[in-house]
Amino acid sequence: MMHDFKSLLVTHEGPVLTVQLNCPETGNAISGEILDELLVVLGALDEESGIRVLVLSGAGEDFCLGGDRAEFPALLAADPTGVGLRALGNKARRVCEALASTDVVTVARLHGGVVGAGVGLAVFCDLRVGADTCRFRLPELGLGVPPAWGGIMPRLLHEAGAARIRELILTADNFDATTAQELSILHKVVPEAELDGAVTRWIKPLVRRSPSALRTAKVMLNAYANANRLADATLFDAELLSSALTAASARH
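Here is a short report on the structure shown in this document. (Residues numbered from 1 in each chain as written. Predicted model: local features only at pLDDT ≥ 70, side-chain atom pairs only at ≥ 80, totals over all residues. Heavy atoms only, no water.)

**Details of the overall build of the chain**
Phase 1 of the analysis: Secondary structure summary: the chain contains 10 helices and nine strands in total.
Phase 2 of the analysis: Burial status across the chain gives 48% buried among its 252 residues.
Phase 3 of the analysis: Sequence separation of at least 24 residues holds for 74% of the intrachain contacts in the chain that already meet a minimum separation of 6.
Phase 4 of the analysis: Working note: accessible area of the chain is about 12100 Å², and carbon and sulfur atoms make up 55% of it. (Helix = DSSP H or I, 4+ residues; strand = E, 2+ residues; numbered from the N terminus. Buried < 20%, exposed > 50% of the residue type's maximum accessible area, 1.4 Å probe, protein only. Contact = heavy atoms within 4.5 Å. Areas by Shrake-Rupley, 256 points an atom, 1.4 Å probe, with all protein chains shown as cover.)

This is the structure:
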């Protein structure tokens, strides 16, 4: 796992891989470069890697303030038909699918702002702990785009429930860590100074588990979670996002 990443800080200690979004100057906004690098990391998590747990965190004051909206105009300028936007959307979906489907147990360590695509990355992790000062938001409608990033919608509906997610998406209201825990977006809430300790308390028993048992458990959990989905509508997310942004650009 030795790569010279530009937007991630990756450290490997025994069976634990720590992946930190490392663009604090942008609030760790999710760019195409971050997605590419996450795909490299997640693509290397096979049985031979020896990794049992991946911890995802963010550098600076915030975990992640959403997608990198500064990229959208450049992608549209390069191709007004939205091809670049669709490619970006499909990358996001592949990253989220990889987080959910990897044999490795994924842990989200959250602090500061957790917004839009940042919420998406977090909820695709198996376990999520947040500082009691975390601030969450699903701002897409307020920005004039659909909530179509990385397949987030069905994951949120399954994890948190349709009624409350409908409210948060339609109002684009901020919500705090206590509310996130009530919705099961967070499993634990702790003071920020105790985040690392909370993550360690999860890691210690996980690295003692049988690797084959962990893999089987994750396959079972994913299979049962998706048992009632007759079709995967998230395949359209990239198209929806691209169409909305292309139309908005044309109006201006």
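The rest of the description comes next.
**Here's the deal with the sheet that holds strand E7 (residues 135–137)**
Across a sheet, strands are paired by hydrogen bonds formed along the backbone, either parallel or antiparallel in direction.
Phase 1 of the analysis: Reading across the sheet, the three strands line up as E5-E7-E8 and stay open at both edges, with mixed pairing between neighbours. Of all the strands in the sheet, just strand E5 (113–115) and strand E8 (174–176) have a single pairing partner and so form its edges. Each strand axis lies, on average, 25° off the axis of its neighbour in the sheet, ignoring direction.
Phase 2 of the analysis: Note that E5 and E7 share three bridges and pair parallel. (Pairing = 2+ DSSP bridges. Axes fitted to C-alpha atoms, helices over the stretch in contact; angles between N-to-C directions.)

**Points about the packing of helix H5 (residues 152–160) against helix H6 (residues 162–171)**
Phase 1 of the analysis: Between H5 and H6, the least distance of the axes is 7 Å, while the angle of their chain directions is 130°. Taken together, H5 and H6 sit at an angle that is classed as oblique. Listed contacts from H6 to Met153, Leu156, Leu157 and Ala160 of H5 are Ala162, Ile165 and Ile169. (Parallel < 35°, antiparallel > 145°, perpendicular 65-115°, else oblique.)

**A look at the side chain of Asp68**
Phase 1 of the analysis: Structurally, Asp68 is set in the loop between strand E3 (53–58) and helix H2 (71–78).
Phase 2 of the analysis: Sequence-distant contacts of Asp68, that is, excluding residues within four places in its chain, are made with Ala29, Ile30 and Ser31.

**Side note on helix H1 (residues 32–43)**
Phase 1 of the analysis: The end-to-end C-alpha separation of H1 is 16 Å, in line with the 16 Å expected for 12 residues at 1.5 Å each.
Phase 2 of the analysis: Residues of H1 that are buried: Gly32, Ile34, Leu35, Glu37, Leu38, Leu39, Val41 and Leu42. (Expected span 1.5 Å × (residues − 1).)

**Concerning the pairing of strand E6 (residues 127–131)**
Phase 1 of the analysis: Of all the five residues making up E6, five are buried; the element is thus mostly covered by neighbouring parts of the structure.
Phase 2 of the analysis: A two-sided burial pattern is seen for E6, the buried positions comprising Leu127, Val129 and Ala131 on one face and Arg128 and Gly130 on the other.
Phase 3 of the analysis: Relative to E6, strand E4 (residues 105–110) runs parallel, the two sharing four bridges. Bridging across to E6, Leu110 finds its partner in Gly130.
Phase 4 of the analysis: Both E6 and strand E9 (residues 188–190) contribute to a ladder of three bridges, which runs parallel. Along E9, the bridge assignment pairs Gly130 with Val189.

**Here's the deal with unusual backbone geometry**
Phase 1 of the analysis: In this structure, Ala172 takes a positive phi of about 55° despite not being glycine.
Phase 2 of the analysis: You will see that Ser184, though not glycine, has its phi angle at about 65°, which is positive.
Phase 3 of the analysis: One can find Ser184 in the loop between helix H7 (177–182) and E9.

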